[in-house]
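Residues per chain, in single letters:
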Amino acid sequence: MSDAALLAAEGISKSFDQTLALDGVDLKLDPGEVHALLGENGAGKTTLANVLAGIYRPDAGVIRTPGGVVSAQSPREAIAAGVGMVHQHFRLAEALTGAENLHLGWSDTPRFAGPRLLAERTDRICEEYGLKVDARLPVWQMSVGERQRLEILRVLVRGARVLMLDEPTAVLTPTEVDGLFDALRKLAAAGRSVLFVSHKLNEVLEISDRITVLRGGRVEATRSAASTTAAELARLMTGHETPPGAPRGARPGDAAVLEVEGVSVRGSHGRRALAGVSFAVQEGEILGIAGVSGNGQTELAEVVTGLRTPEEGSVSVDGEQLGGASPRRFAAAGVGYIPADRMATALAGSCSVLENAIVRDYDRPPLARYGMIDRGAARRFTAELVAEAGVRGADDIGAPVSILSGGNQQKLVAHREARMARRLLVACLPTRGLDVAAAHAIRNKLLERRGAGAGVLLISEDLDELLELSDRVLVLYEGAIAGEFSAGGADRDRIGIAMGGGLRPAGAPAAA
Amino acid sequence: MSVFFSSLDIAVQAGVVIILAGMGELLLERTGVMNLGIEGMISIGAVAAVLMATVSSEPVVCLLVAVGAGMAVGAVFALFAVVLRVNQVLAGLAIFLLCIGLTNELGADYSNVPVKATFDDLALPGLSSIPEIGPALFDQPILVYVAYVVLPCVVWLVLFRSRHGLNVRAVGENPAAADAAGISVMRIRTAYCLVAGGLAAAAGAYLMLSLTPSFSLNPAGGRGWVALAAVIFAAWLPWRLVAAGLLFGGLTSLGLTAQAQGWNIPTVIFAVLPYVVTIALMFLIALRLRLQRLELREVAPAALATPYYREER
Amino acid sequence: MSRPGFRLQRRTTAARHQAAAVKVVGALAALLLAGIVLQLSGRPTLDLASAALDYNLGDWFGIEETLLLAAPIVLGALAVYLCFRIRLWNIGIDGQMSMGAVASAAVGLHVDGPEALMLAAMVVAGALGGALWALIPGVLRAYFQINEIITTLLLNLVALQIVVYLSVTAWADGGVSLRSTSPIPYEVPMLSAGLDVGVLVPLLVAGVLALVLGRSRWGYETTIIGANARAGEAAGMSVRRRIVLVMMASGAIAGLSGMLQVAGRLHVLSEDVAANTGLYGFIVAALAGASIVAIIVVGVLIAMLLHSGISLATDGVSTDVVVAVYGLILLLASLGEVAARYRLIPRRRSRPAE
């Protein structure tokens, strides 16, 4: 290893349950470089970053830094060795302010300090690093971009020479991504080393100097960005050529399945999450909802599935007014829901595959008889559902659903919901975190519903996915529709500007 | 003293138990740990003080021994609830049963025997000579001043004006965030288990050395459960807990006054009043939050009663 | 680089057999520890243990006494278990039992009628009394997110004061006893000289619960809501109403248990009606985990321990000692659920870096 490397990992292995997530991985980070860690979901990228950051303890392997060998047993030791990480799911205390989050656990924080002093210190630090954060605002009120800047600041002020970012662009608008890339280039130019963890080929090629590709927990190759191509990287990532895009069927029909008119709701902490949103989904149409998370997407999905009552406005399915009705009424009207976080909303993790499979059908024949559940019928039903959905690892349908892999859990949910979504399927980030094959299966499920004449409301942060699948795309910004685009002639840049609030609904020129 | 001021005198003293024990619980819950053993820890403090008082007539020594015993119980609780990450409800109730059983067994021989070492009243120069108010508020055992002034000041300063307090709050809000920032979640939680145990035991010792100086079975008498509820309707803020303690003291004192004055109201009303009011107040707080479009869980430390595993995925 | 041998690894699902094994070991360790402490404090543990066994199982009278103690503990445990299914901690069994007893005593003392009809009325009153008392924490929890542990505990204290007031003052006997009401004129039929039909009620309730929770739509919905309330809501179940209903059903079981005390073992309303049996029932439910059969078995064992404490009072062991031992058992056995989440695996050898 070269003496100049800021961090060198050798032979890192790590397993969870029976799966081997990392298998003898080597990685070297030089000063001044942006190094990408590229791989599909499930390739072990995040696990490797977590090992380097001291969050996970490796089963085997060594990590060297200029200070010597570290066996980073805790984030504290990793930080002391100059290694800091910005997690995909930010590690911020939401109830605390920006200043408080920046100062917590930091040895430079004055022993006794009130909110004012911490805020002043924070303002100075923001200025020094050129990253803007509101020191006095509680984190739960911050935009995702601002939270990310706060996370980066927190790592930098602790003297990190190696900055690791896990999928940092997943939740940013295109404008914010440009800002982030500028900041990362400046950090590298100042002699730091940046590890950029991503599964997006184009971004990786744009930002990094060297690229290490992980596949199945092993290092497939390390290339310099100048000497490789997107095609080569794709092959290294997946082991085969990229599959062709999914086929598209007929044009949408004219009848509206879902009509949302002037809907306003409040989200957590009493904050207004949707303000006067109106749109319609036609039969046989996939309507995409683009936007940075936290702009009302979750609340929108909940309003059109009965989980949240609108304060104002109406929601109707096939012309029947259902706003504020129970989820049961929505289900009876043929509305299915694939939520963003399956373990939080769609599945009961400690319950069996069977119990989770029948959740939409248990209350009517053939499964229900005289208030009891026919166990034989439930077993047959489940076996059939599991087979149709292509769920693997569910041979024992009495086993807890949590033992299935994420992809198989999602296939189960998607099939269960698509089955009952005769009229409308609401899907929130349905392919997030899935491997390519599972994501492909889920996308086909959405297209199949479209082909069958149902409407699909697809809420996603992944612009590529939205443009590939949707007939139309609406942009949600701060709880209002900030633009409508037809998928055919959609202009990525203009959608990006609308996601950042640069487009006014009236079509006023972009302020960004 | 008039009836009102003598009642106030009693109210102030009775509130001390809730404030001492509740403040420990408040701090501990701020780190994300719920301690249902508090009733037992108060009891252990009481019996430890009573046993010590048989060999020492110095109340401060008895108090310190009780605090030590409480911290020992807190350490056992920490071992199970924090280090071994057992379910906090089960660990807390187990500690409660263990302590209440031990307390009643150890104290049985001293039931209704007057405790010899008691705290003298400490008259604050000047203030205590104000007519009526002076004797009611400023001629009290030292622990009263500690509970109403010193402790809440210290807790407020630590929680909201110090680096350590920031770390404490972060651990209770998001242990993963605190951990990623290099704070040892386990160390902080363990430390505050000891603090909570010590303060609860101090409350028990105060019962025996000052408020009702003779041992009886189940010496905590439900005050631990009230302290738990008081932390909720104090919304985890130290000064509101002081108010909650004084209110509970007032309700207790009302019953005693009624008895002394021979008011013609069934005693059961006064016996249940503190608990009923406690429940009603929790309800009112939740109702008020509802009007502000907030939920109780959005005010509580976000990680309350959740064990922290670093490698959770 | 890595050490040879084994290490602990956390897994995503719990192994139930492992949990049960650790609980048994934990409970035995707690008994052993208690025995050592007793021995050190000058009480011959082995002699005490054999005397305790003799008191419990030595003759029919001992067995009857144990079963009489076990019945309300098992009923309480079943009520707690029902709440566990929906992730509620009902620590208010004692209070619900007391209010059930109050309601049924009110009927028994103040209404006249044929015996069978009156017993039926008392059963209904008891169940209703317990259910209504549980309604309070149920509503506060379901609609206002107020921790049910604290409210049920506080309501225990309120219920106890009400029972004391009624039995000592309002409905006091005036003559025979200072601490209880006059005898309830209606009695549960006897099975034998010492046992009434009440000891069979826990088995009946256990059977009904097993059927309802294991086979019915209602039970399925309750299980799903307990495992993930949000998933239940998304699937169209009304979570809040179910929380209140489960709490009330649990309170009804406890109230029924209170009625059986008033019309059975005690024949009067007195402050001994609950006597912490709900708390002991809670321990039983926590130890037994998800098995109704285990609840019955563990309930009888816990009752034997309690009976030993009562019987050995003259030998220097008291119910207080038993309560402390309960705490120790619960503490050590609570490791079961944690241990079930780990497995022991061999360490991997590190690969040489290429």
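Everything below is about the structure shown above.
Because the structure is a prediction, the values reported are computed rather than measured.

## Notes on the pattern of salt bridges
- Within the structure shown, the criterion is met by 39 salt bridges over all chains.
- Between A:Asp123 and A:Arg136 there is a salt bridge, and its shortest N-O distance comes to 3.1 Å. Linking A:Asp123 in helix α4 (residues 115–129) with A:Arg136 in the loop between α4 and α5 (144–157), this pair joins segments that are 13 residues apart in sequence.
- Between A:Glu311 and A:Arg272 there is a salt bridge, and its shortest N-O distance comes to 4.0 Å. Of this pair, A:Glu311 sits in the loop between α9 (297–303) and β14 (312–317) while A:Arg272 sits in strand β12 (residues 272–282); the two residues are 39 residues apart in sequence, bridging distant segments of the chain.
- In this structure A:Glu311 comes out as partly exposed when scored by relative accessible area, which is 36%.
- With a relative accessible area of 39%, A:Arg272 lands in the partly exposed category.
- Overlapping salt bridges bring together A:Arg328, A:Asp361, A:Asp363, A:Arg364, A:Arg419, C:Glu221 and C:Arg242 as one network.

## Considerations on the packing of helix α2 (residues 38–53) of chain B against helix α9 (residues 185–211) of chain B
Residues and elements named next belong to chain B.
- Packing of α2 against α9 brings their axes to within 7 Å, and their N-to-C directions diverge by 50 degrees. Judged by the inter-axis angle, α2 sits oblique to α9. The handedness of the crossing between α2 and α9 is right-handed. Here Ile-38, Met-41, Ile-42, Gly-45, Ala-46, Ala-49 and Val-50 of α2 come into contact with α9, specifically with Gly-197, Ala-200, Ala-201, Ala-203, Gly-204, Ala-205, Leu-207, Met-208 and Leu-209.
- The class makeup of the residues in the contact of α2 with α9 is 13 nonpolar, three polar and no charged.

## Notes on the sheet that holds strand β7 (residues 162–166) of chain A
Residue and element names in this part refer to chain A.
- Ordered by their spatial adjacency, six strands build an open sheet running β6-β7-β8-β3-β9-β10, and the pairing between neighbours is mixed. With partners counted over all chains shown, the strands left at the sheet margins are β6 (83–86) and β10 (218–224), one partner each. Each strand axis lies, on average, 20 degrees off the axis of its neighbour in the sheet, ignoring direction.
- Bridge count between strand β3 (residues 34–38) and strand β9 (residues 210–215): four bridges; the pairing is parallel. Each bridged residue has a counterpart across the sheet, and for Leu-38 the counterpart in β9 is Val-213.
- Here helix α8 (residues 230–238) sits on the sheet in contact with β3, β9 and β10, set at roughly 30 degrees to β9.

## Digging into the pairing of β10(A)
All names here are of chain A.
- In this sheet, β10 lies alongside β9 in antiparallel orientation, the contact comprising six bridges. Within the sheet, the bridge partner assigned to Thr-212 lies in β10 and is Thr-222.
- Between β9 and the antiparallel strand that follows it, β10, lie two residues; Gly-216 among them carries a positive phi value of about 55 degrees.

## Description of α2(B)
- Under the 1.5 Å per step criterion, the end-to-end length of α2(B) is 22 Å for 16 residues, consistent within 8% with the ideal 22 Å.
- The element α2(B) is extensively covered by neighbouring structure, given that 14 of its 16 residues are classed as buried.

## Topic: the packing of aromatic side chains
- Evaluated as defined, the whole model comprises nine aromatic pairs over all chains.
- A ring pair is formed by A:Phe181 and A:Phe196, whose centres lie 5.7 Å apart and whose planes are at 75 degrees; its orientation type is edge-to-face. Separated by 15 residues along the polypeptide, A:Phe181 in helix α6 (residues 174–189) and A:Phe196 in strand β8 (residues 193–198) bring together distant segments of the chain. Note on accessibility: A:Phe181 and A:Phe196 belong to one class, buried.
- Taken together, a centroid distance of 4.8 Å and an interplanar angle of 50 degrees make the contact between A:Tyr362 and C:Tyr220 tilted. One end of the pair, A:Tyr362, is in the loop between α12 (353–357) and β17 (368–369); the other, C:Tyr220, is in helix α8 (residues 217–227), on a second chain. Note on accessibility: A:Tyr362 and C:Tyr220 belong to one class, buried.
- A network of ring pairs unites the aromatic residues C:Phe84, C:Trp89 and C:Phe282 as a single cluster.

## Some points on the pairing of strand β1 (residues 7–16) of chain A
All names here are of chain A.
- Within β1, ten of the ten residues are buried, which leaves it mostly tucked inside the rest of the structure.
- The sheet contact formed by β1 and strand β2 (residues 19–29) spans seven bridges and is antiparallel. Of the residues in β2, the one forming a bridge with Ala-9 is Leu-27.

## Description of the interface of chain A and chain B
- At the junction of the two partners, chain A supplies 40 residues and chain B supplies 26 residues.
- At the boundary of chain A with chain B, total buried surface from both sides reaches about 2,600 Å², with 55% on carbon and sulfur atoms.
- Put simply, chain A and chain B have seven residue pairs in polar contact (both at pLDDT 80 or more) between them.
- The set of elements that each furnish at least two residues to the side of chain A that touches chain B consists of β1, α2 (75–80), α3 (98–103) and α4 of chain A.
- In terms of residues, the side of chain A that touches chain B owes the most to one element, α2(A), which gives three residues.

## Some words on the interface of chain B and chain C
- Contacts between chain B and chain C engage 46 residues on the former and 41 residues on the latter.
- Note on chain B versus chain C: buried area summed over both sides is about 3,800 Å², and carbon and sulfur give 79% of it.
- On the chain B side of the interface with chain C, the three residues burying the most area are B:Leu90, B:Leu97 and B:Ile279, jointly 16% of the side's total.
- Between chain B and chain C we count one salt bridge in total.

## Digging into the packing of helix α5 (residues 115–144) of chain C against helix α10 (residues 239–265) of chain C
- Between α5(C) and α10(C), the least distance of the axes is 6 Å, while the angle of their chain directions is 145 degrees. Of the two possible hands of crossing, α5(C) and α10(C) adopt the one that is right-handed.

## Remarks on the state of the cysteines
- A complete count under the given rule lists zero disulfides over all chains for this structure.
- Cysteine B:Cys193 shares no disulfide, and the gap to the nearest cysteine sulfur, in B:Cys99, comes to 13 Å.

Thresholds applied
- Residues numbered from 1 in each chain as written.
- Chains lettered and ligands numbered in written order.
- Predicted model: local features only at pLDDT ≥ 70, side-chain atom pairs only at ≥ 80, totals over all residues.
- Heavy atoms only, no water.
- Salt bridge = Lys/Arg side-chain N within 4 Å of Asp/Glu carboxyl O.
- Helix = DSSP H or I, 4+ residues; strand = E, 2+ residues; numbered from the N terminus.
- Buried < 20%, exposed > 50% of the residue type's maximum accessible area, 1.4 Å probe, protein only.
- Axes fitted to C-alpha atoms, helices over the stretch in contact; angles between N-to-C directions.
- Parallel < 35°, antiparallel > 145°, perpendicular 65-115°, else oblique.
- Left-handed = near helix turned anticlockwise from the far one by under 90°.
- Contact = heavy atoms within 4.5 Å.
- Nonpolar A, V, L, I, M, F, W, Y, C, P; charged D, E, K, R; others polar.
- Pairing = 2+ DSSP bridges.
- Expected span 1.5 Å × (residues − 1).
- Phe/Tyr/Trp six-rings, centres within 6.5 Å; stacked < 30°, edge-to-face > 60°.
- Buried area = accessible area lost by both parts, 1.4 Å probe.
- Polar contact = N/O pair within 3.5 Å; in protein donor to acceptor, adjacent residues only side chain to side chain.
- Disulfide = S-S within 2.5 Å.

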